[in-house]
Amino acid sequence: MARKKLAFIGGGQIGGIMSLMAAQKQLGDIVMLDIPDREGMCKGKMLDIAESRGVGGYDADMTGTSDYKDIAGADVVIVTAGLPRKPGMSRDDLLDVNVKIISEVAARVKENCPDAFNIIVTNPLDSMVYGFRKVTGFPKNRVCGMAGVLDTSRFCSFVAMEMNVSIEDVAATVLGGHGPTMVPLPRLCTVGGIPLAELMPQDKIDAIVSRTRGAGTEIVNLLGNGSAFFSPAASAIMMAESYLKDKKRVLPAAAYLEGEYGINGFYLGVPVIIGAGGVEKVIEVKLTDDEKAALMNSLETVKTAVADVDARI
Ligand code: APR
């Protein structure tokens, strides 16, 4: 059986880590594409990973390129092309530059790779994935955004750190847009099957919720010249793996909503099933009035960004 093929558009920080992770997991052959000026960088990173195979023992062809013809036939496309945040910038501050990049990338992906499952990572996430789908016209099950997996991983990590327990026993979900209005749902969080509220006082839970909302900014401020890349890469690869192996994992992702949660015509973070059919199903959680209000508040932020995207493409 031929190996699967993954195309990573954007060979920067996230693109590089994703390539290593995908190779180590033997998900398939990998093509990393960036702008012509950075073709050498892509080739260098891919050769470097290829040369680690002797130690890692994984089989994968690694290609660095700036030629979209090389992504033809890819099963999965993950887009990180665009600028990352710098200290003082919000994700929405990236919109002007990144919407142009996403439009161009979307048109080229459509031309060269019309059957792939597409995961968008570029920020501001919820509006960029909307723009990508608008340009490609791909069916909604084949275009989603990576944010909820990351936000949830952050939430779970903070719970595990606070309680000094294994991350393996923490389960949670974070809904909404990828930004300060995101909606962590501590009510649904469990540690070893026990509801979080039985294990931690409310002020500690509130602090974790608030740290989760600002987790991306915390990293931006520490790094000084870019945004998080290890955890976003791991999150996108988890989604790609669920698709490629038809695992049907239940993961929060930016999915196109047509009536679910009372929302129509927008991408927003919700739990979905990802399998061979792409985004196979949106799972509707019954929310409390407060949670619903928080989700609607998050949608308002996304709507503003989407209006900007609609004005440009
Ligand atoms: N086509 C292909 N690649 C592009 C294009 C384009 N039109 N424009 C920019 N790029 C490339 C850049 O050359 C760069 O190598 O995208 C890459 C982005 O890499 P980094 O700057 O290292 O950013 P990274 O940390 O990987 O984040 C990428 O993901 O999480 C989001 O906010 C983050 O929007 C940012 C994106």
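Right above here is the structure, for reference.
Description of the structure in this document. (Residues numbered from 1 in each chain as written. Predicted model: local features only at pLDDT ≥ 70, side-chain atom pairs only at ≥ 80, totals over all residues. Heavy atoms only, no water.)

### Thoughts on the overall build of the protein chain
Check the secondary structure of the protein chain and you find ten helices and 14 strands. Rg of the C-alpha trace for the protein chain: 19 Å, near the compact-globule value of 20 Å for 313 residues, within the 12% margin. Projected onto its principal axes, the C-alpha coordinates of the protein chain cover approximately 50 × 50 × 40 Å. Burial status across the protein chain gives 51% buried among its 313 residues. Across the protein chain, contacts joining residues at least 24 apart in sequence account for 69% of those joining residues at least 6 apart. For the protein chain, the computed accessible surface area is about 13500 Å², with 52% contributed by carbon and sulfur atoms. One way to put it: in the protein chain the 33 positive side-chain charges average out to a point 2 Å from where the 38 negative ones average out. (Helix = DSSP H or I, 4+ residues; strand = E, 2+ residues; numbered from the N terminus. Rg over C-alpha atoms; globule rule 2.2 N^0.38 Å. Buried < 20%, exposed > 50% of the residue type's maximum accessible area, 1.4 Å probe, protein only. Contact = heavy atoms within 4.5 Å. Areas by Shrake-Rupley, 256 points an atom, 1.4 Å probe, with all protein chains shown as cover. Lys, Arg positive; Asp, Glu negative; His and termini not counted. Charge placed at Lys NZ, Arg CZ, Asp CG, Glu CD.)

### Details of the sheet that holds strand 10 (residues 190-191)
Paired through their backbone hydrogen bonds, the strands of a sheet run either parallel or antiparallel. The strand order across the open sheet built from three strands is 7-10-11, with neighbouring strands paired in antiparallel fashion. Looking at which strands have only one partner, the edges of the open sheet turn out to be strand 7 (170-171) and strand 11 (194-195). In the sheet, strand 7 pairs with strand 10 via two bridges, with the strands oriented antiparallel. In the strand pairing of strand 10, Ala171 is matched with Thr190. (Pairing = 2+ DSSP bridges.)

### Section: the environment of Phe229
Considering the arrangement of structural elements, one finds Phe229 in the loop between helix 8 (215-223) and helix 9 (230-244). Owing to a relative accessible area of 14%, Phe229 belongs among the buried residues under this scheme. The spatial distance from the C-alpha of Phe229 to the C-alpha of Ile35 is 19 Å, given a sequence separation of 194 residues. Apart from residues no more than four positions distant in its own chain, Phe229 is found in contact with Gln13, Ile14, Ile17 and Leu223.

### Quick notes on the nonpolar core
The nonpolar side chains of a soluble globular protein tend to be buried, and buried together. Formed by 87 residues in total, the largest nonpolar core has its most connected members in Ile9, Ile78 and Val109. Looking at this core element by element, the count peaks at seven residues for helix 9. When sequence neighbours within four positions are dropped, the list of residues in contact with Ile78 reads Ala7, Phe8, Ile9, Met18, Ile119, Val121, Ala236, Ile237 and Ala240. (Core = buried A, V, L, I, M, F, W, Y, C linked by side-chain atoms within 4.5 Å.)

### Points about the site of the ligand
Around the ligand there are 21 residues in total, and Gln13, Ile14, Asp34, Arg38 and Thr80 lie nearest to it. Within the side chain of Asp34, an N or O atom sits 2.6 Å from an oxygen atom of the ligand. Measuring from an oxygen atom of the ligand, one finds a side-chain N or O atom of Arg38 at 2.8 Å. Surface burial for the ligand is 90%, taken as the share of its 730 Å² of free accessible area covered by protein chains. For the shell around the ligand, a count of residues per class yields nine nonpolar, nine polar and three charged. (Near = heavy atom within 4 Å. Polar contact = N/O pair within 3.5 Å; in protein donor to acceptor, adjacent residues only side chain to side chain. Nonpolar A, V, L, I, M, F, W, Y, C, P; charged D, E, K, R; others polar.)

### A look at the pattern of salt bridges
This structure, assessed with the given rule, holds 15 salt bridges. Between Arg312 and Asp96 there is a salt bridge, and its shortest N-O distance comes to 2.4 Å. Here Arg312, found in helix 10 (residues 289-312), pairs with Asp96, found in helix 4 (residues 95-112); they are 216 residues apart in sequence, far enough to count as distant. With relative accessibility at 41%, the residue Asp96 sits in the partly exposed group. (Salt bridge = Lys/Arg side-chain N within 4 Å of Asp/Glu carboxyl O.)

### Description of the pairing of strand 12 (residues 249-258)
Here strand 12 lies mainly inside the structure; seven of its ten residues are buried. Two strands pair when backbone bridges link them, and strand 12 and strand 13 (residues 264-275) are joined in this way by ten bridges, in the antiparallel orientation. Within the sheet, the bridge partner assigned to Pro252 lies in strand 13 and is Pro271. In this antiparallel pair of consecutive strands, strand 12 and strand 13, the connection spans five residues, and Gly259 shows a positive phi of 105 degrees.

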